[in-house]
Amino acid sequence: DVKVTQSSRYLVKRTGEKVFLECVQDMDHENMFWYRQDPGLGLRLIYFSYDVKMKEKGDIPEGYSVSREKKERFSLILESASTNQTSMYLCASSLQTEAFFGQGTRLTVV
Amino acid sequence: AQSVTQLDSQVPVFEEAPVELRCNYSSSVSVYLFWYVQYPNQGLQLLLKYLSGSTLVESINGFEAEFNKSQTSFHLRKPSVHISDTAEYFCAVRVVSGYSTLTFGKGTMLLVSP
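Residues numbered from 1 in each chain as written. Chains lettered and ligands numbered in written order. Predicted model: local features only at pLDDT ≥ 70, side-chain atom pairs only at ≥ 80, totals over all residues. Heavy atoms only, no water.

(A) Region of the structure containing the side chain of Asn31(A). Within the element layout of this structure, Asn31(A) appears in strand β5 (residues 31-38). With relative accessibility at 5%, the residue Asn31(A) sits in the buried group. Within the local environment of Asn31(A), its side chain forms a polar contact with the backbone oxygen of Leu95(A), the two atoms lying 2.6 Å apart. In this structure Asn31(A) touches Ser49(A), Tyr50(A), Arg68(A), Ala92(A), Ser93(A), Ser94(A), Leu95(A), Gln96(A) and Arg94(B), once residues within four positions along its chain are discounted. (Helix = DSSP H or I, 4+ residues; strand = E, 2+ residues; numbered from the N terminus. Buried < 20%, exposed > 50% of the residue type's maximum accessible area, 1.4 Å probe, protein only. Polar contact = N/O pair within 3.5 Å; in protein donor to acceptor, adjacent residues only side chain to side chain. Contact = heavy atoms within 4.5 Å.)

Printed below as a string of structure tokens:
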């Protein structure tokens, strides 16, 4: 089975902190994604990557950056956390069809 | 660009009743179609998918969905729901060729009561 592992289930950070969300997949997938999930808004794509060191902006990249130094790992970085970034963050990986998701990280910025 | 519309944000239903969760999509090119399920405080799990071939696809737990190209729909159905089906359901599309991402609808919360 494909496994996508996010490093934390719950995080609480202070406004202005730099925050790292880590995601690792074990199936040698080329594509990896970061989504943000908010009630009533569904899943919105923040960034995706289709290869090592490659990244593309999604629908809501402002305030975020990403890093993909190795194929199995895709990191989401909040450069200076703000309260409006309080949300559920979901990482996913895929080949060309369905995506496989991690358990999610619920981030609270206070 | 692709878009997905899930017409109902919440669907309340009694146990053992049938249910249909509606999904319509918009795309100028061929797409793959998916339904995902999310239980509380968990990630998304793939429920079923349409890639090609038969337009009726089924999951192992009794759900089915039918791809209707003319109506650009991919509605999810189950003839008899259980309490354990209570969850949020997301419809998603992905372009068949090239580098592409999954585009999701806003989700439908299925609430099954006894």
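(B) Examining unusual backbone geometry more closely. Residue and element names in this part refer to chain B. One non-glycine residue, Glu-16, lies in the positive phi region at around 75°. Mapped onto the fold, Glu-16 is located in the loop between β2 (10-14) and β3 (19-21). Unlike most non-glycine residues, Thr-72 shows phi in positive territory, near 45°. Secondary-structure assignment places Thr-72 in the loop between β8 (64-68) and β9 (73-78).

(C) Examining the state of the cysteines more closely. This structure, assessed with the given rule, holds two disulfides over all chains. Disulfide pairing is shown between Cys23(A) and Cys91(A); the S-S distance is 1.9 Å. Looking down the S-S bond of the Cys23(A) and Cys91(A) bridge, the torsion is -80°, so its handedness is left-handed. In this pair, Cys23(A) sits in strand β4 (residues 23-25) while Cys91(A) sits in strand β10 (residues 87-94), placing the two residues 68 residues apart along the sequence. Each member of the pair, Cys23(A) as well as Cys91(A), is classed as buried. One disulfide bridge connects Cys23(B) with Cys91(B), the sulfur atoms lying 2.0 Å from each other. The chirality of the disulfide connecting Cys23(B) with Cys91(B) is left-handed, given an S-S dihedral of about -65°. Of the two residues, Cys23(B) sits in the loop between β3 and β4 (24-26) while Cys91(B) sits in strand β10 (residues 87-95), which places them 68 residues apart along the sequence. Of the two residues, Cys23(B) and Cys91(B), both sit in the buried class. (Disulfide = S-S within 2.5 Å.)

(D) The arrangement of the interface of chain B and chain A in detail. The interface of chain B with chain A comprises 22 residues on the first partner and 24 residues on the second. Here chain B meets chain A over a buried area of about 1900 Å², counting both sides, of which 54% is carbon and sulfur. When residues of chain B are sorted by the area they lose upon contact with chain A, Asn41(B), Arg94(B) and Tyr99(B) head the list and together hold 27% of the total. With a shortest N-O distance of 2.8 Å, Glu98(A) and Lys49(B) are connected by a salt bridge. Contributing elements (two or more residues each) for the side of chain B that touches chain A: β5 (31-38), β6 (44-50) and β10 of chain B. (Buried area = accessible area lost by both parts, 1.4 Å probe. Salt bridge = Lys/Arg side-chain N within 4 Å of Asp/Glu carboxyl O.)

(E) Region of the structure containing the nonpolar core. Trp35(B), Leu48(B), Phe74(B), Leu76(B) and Tyr89(B) are the most contacted members of the largest nonpolar core, which has 28 residues in total. Taken together, the elements giving at least two residues each to this core come down to β2, β3, β5, β6, β8, β9, β10 and β12 (108-113) of chain B. Those residues within four positions of Leu76(B) in sequence are excluded, and the remaining contacts are Val19(B), Glu20(B), Leu21(B), Trp35(B), Leu47(B), Leu48(B), Phe63(B), Glu64(B), Ala65(B) and Tyr89(B). Residues Trp34(A), Ile46(A), Ile60(A) and Tyr64(A) belong to the second largest nonpolar core, which totals 20 residues. (Core = buried A, V, L, I, M, F, W, Y, C linked by side-chain atoms within 4.5 Å.)

(F) Representation of the confidence of the model for chain B in the model. With 100% of its residues at a pLDDT of 70 or more, chain B shows a mean pLDDT of 93. Within chain B, the element-level pLDDT minimum falls on strand β7 (residues 56-58) of chain B, averaging 91, and the maximum on β3(B), averaging 98. (pLDDT = per-residue confidence, 0-100.)

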